[in-house]
Amino acid sequence: MSHVIIFDIKRFAVHDGPGIRTTVFMKGCPLRCWWCHNPESQSPEPVAVDIERKVNGRKIDAKKTYGEKVDIGELMKIILRDQHFYQESGGGVTFSGGEPLMQPGALEELLALSKKHGLHTTIDTCGFAKREILERILPLTELFLYDIKNMDPELHRKYTGKDNALILSNADFLLENKAQVIFRIPVVPGVNTSDDEIEKMAAFIFQRRENLNEVHLLPYHRIAENKYLKLGIKYKLPDTGEPGARMMQNLKQRFESTGLEILIGG
Ligand code: SF4
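The text that follows walks through the structure, step by step, so that each part is easy to find. Note that residues are indexed from 1 along each chain, following the sequence as it is written. At least 70 in pLDDT is required for a residue's local features to be given in this predicted model, at least 80 for side-chain atom pairs to be given and counted, and no such filter applies to totals for whole chains, interfaces and linings, which use all residues.

Bringing helix 5 (residues 153–160) into the picture now. With C-beta atoms placed from the backbone, the exposure class of a residue follows from how many other C-beta atoms lie within 10 Å of its own: 20 or more, buried; 12 or fewer, exposed; in between, partly exposed. Under the DSSP-based scheme used, a helix requires at least four consecutive residues in state H or I and a strand at least two consecutive residues in state E, with every element numbered from the N terminus. For helix 5, every residue scored as buried is listed here: His 156, Tyr 159 and Thr 160. Relative to the axis of helix 5, the buried residues are bounded by an arc of 80 degrees and lie together on one face. Gly 161, located one to two residues past helix 5, shows a positive phi value of around 90 degrees. Regarding the arc, it is the one traced by the directions from the helix axis to the C-beta atoms.

Let us look at unusual backbone geometry. A cis amide bond links Gly 97 with the next residue in sequence, Gly 98, at an omega value of 15 degrees. Mapping Gly 98 onto the fold places it in the loop between strand 6 (92–97) and helix 3 (104–116). Backbone geometry places Phe 12, a non-glycine residue, at a positive phi of 60 degrees. As for its placement among the helices and strands, Phe 12 is situated in strand 1 (residues 3–13). Phi at Lys 178 takes a positive value of approximately 65 degrees, unusual for a residue other than glycine. A residue is classified by how many C-beta atoms lie within 10 Å of it, and Lys 178, with 9 of them, is exposed.

Now for the site of the ligand. The rule is simple: place the C-beta atom from the backbone, and if it lies within 6 Å of a molecule or strand, the residue is near it. Around the ligand, the structure places Cys 29, Leu 31, Arg 32, Cys 33, Cys 36, Asn 38, Ser 41, Gln 42, Gly 97, Gly 98, Glu 99 and Cys 126. In terms of residue class, the shell around the ligand is built from five nonpolar, five polar and two charged. Amino acids outside the nonpolar list (Ala, Val, Leu, Ile, Met, Phe, Trp, Tyr, Cys, Pro) and the charged list (Asp, Glu, Lys, Arg) are all regarded as polar, and Gly is one of them.

A few words on the nonpolar core. Take the buried Ala, Val, Leu, Ile, Met, Phe, Trp, Tyr and Cys residues, join any whose C-beta atoms are within 7 Å, and the set you get is a nonpolar core. The biggest cluster of nonpolar side chains holds 55 residues, and the ones touching the most others in it are Phe 183 and Ile 185. By the convention adopted here, residues make contact when the C-beta atoms placed from their backbones lie within 7 Å. With sequence-adjacent residues up to four places away left out, Ile 185 is seen in contact with Ile 148, Met 201, Val 215, Leu 217 and Leu 218.

Moving on to the pairing of strand 1. Following DSSP output, two strands are said to pair if at least two bridges run between them. Of the strand pairs in this sheet, strand 1 and strand 5 (residues 68–71) are connected by four bridges, and their pairing is antiparallel. Bridging from a neighbouring strand, His 3 pairs with Asp 71 of strand 5. Where strand 1 meets strand 2 (residues 21–26), five bridges bridge the pair, whose relative direction is antiparallel. Counterpart to Ile 9 in the pairing with strand 2 is Val 24.

For the rest of this paragraph, the subject is helix 6 (residues 165–176). By this rule, a helix spans an expected 1.5 Å times one less than how many residues it contains. Between its first and last C-alpha atoms helix 6 spans 16 Å; for twelve residues at 1.5 Å apiece the expected length is 16 Å, and the two agree. Every buried residue belonging to helix 6 is among Ile 167, Asn 170 and Ala 171, and all of these are buried. Projected down its long axis, helix 6 shows its buried positions confined to an angular sector of 105 degrees, all on one face. Turned more than 90 degrees away from the buried face of helix 6, the exposed residues are Ala 165, Ser 169 and Glu 176.

All right, on to the sheet that holds strand 11 (residues 261–264) then. One open sheet accounts for nine strands, arranged 5-1-2-6-7-8-9-10-11; its pairing is mixed. The open sheet has two edge strands with one neighbour each: strand 5 and strand 11. Across the sheet, the mean angle separating the axes of adjacent strands is 30 degrees when strand polarity is ignored. Summarising the sheet, strand 9 (residues 181–187) and strand 10 (residues 214–219) pair through six bridges and their orientation is parallel. Paired with Ile 185 across the bridge in strand 10 is Leu 217. Where helix 1 (residues 72–80) meets the sheet, it contacts strand 1, strand 2, strand 5 and strand 6, and its direction lies at approximately 80 degrees from that of strand 5. A fitted line through C-alpha atoms serves as each axis, taken over the contacting stretch for helices, and the angle formed by two N-to-C directions is quoted from 0 to 180°.

Glancing now at the packing of helix 7 (residues 195–207) against helix 9 (residues 245–256). It is the contact of helix 7 with helix 9, at a shortest axis distance of 9 Å, that shows an interaxial angle of 40 degrees. Regarding the angle of helix 7 to helix 9, the classification is oblique. Considering how the two elements wind past one another, helix 7 and helix 9 form a crossing that is right-handed. Where helix 7 approaches helix 9, its residues Ile 198, Ala 202 and Ile 205 are matched on the opposing element by Leu 251, Arg 254 and Phe 255. Considering only residue class, the contact of helix 7 with helix 9 consists of five nonpolar, no polar and one charged. Angles are sorted into four bins: roughly parallel if under 35 degrees, roughly antiparallel if over 145, roughly perpendicular if 65 to 115, and oblique for all others. Definitions for this section: a left-handed crossing has its near helix turned counterclockwise from the far helix by less than a right angle. A right-handed crossing has that turn clockwise.

Shown next, in the form of structure tokens:
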């Protein structure tokens, strides 16, 4: 029996691809982005953390586990519960994470089963994966939500732990093979908002505008800080503020000069 390790399922999602969708969050990620909203997703295995619960006003020590191994057949039953909403809204299923390409066998099986049931399939990916994995899942994936984080390789290494050469060349591989791709740029002040980074990103997008669908700008939020505390992971952006509406609008206008539709948010 095949399994997949997931840490969440979101039904009725409306920001992870077209229409109403079920988003499955898969465990494991090769990157360690400083601003990651889901640090509980990064380790490939379920993680148990110590927490305090209140019972009848008294604090007691307890454990919370992030992640579980689930049977793929059972997961498909959950995904198919909302088939009617997908059909009505042009939606489907999205595999996110963490990084879904970290569990290639399970992902391929889930995509193939979803396609068999006529569902629109989307992957939300950081793009850091072996080319052969992308080759396998490309025919089963109708839309790639593809992260572009830093253009400068040194900055990318600093803020995510990995070089961006593989990510950028995988993006080109998908575009050259006529995949439907939306670039998603997390806007993190001080991390990827310098004039130099923005100019390089705009140039990268402009050169690929013929094959790209859209670009989404995702404003950084500080919502995950507590999760880092619980997991015992150092939060590396303690002094970084969220980008204001003006900064997001300025970036939107800058990227609109590429001729593409630019959305703020997913
Ligand atoms: S790629 Fe996504 S899930 Fe992985 S560390 Fe970065 S933000 Fe988190």
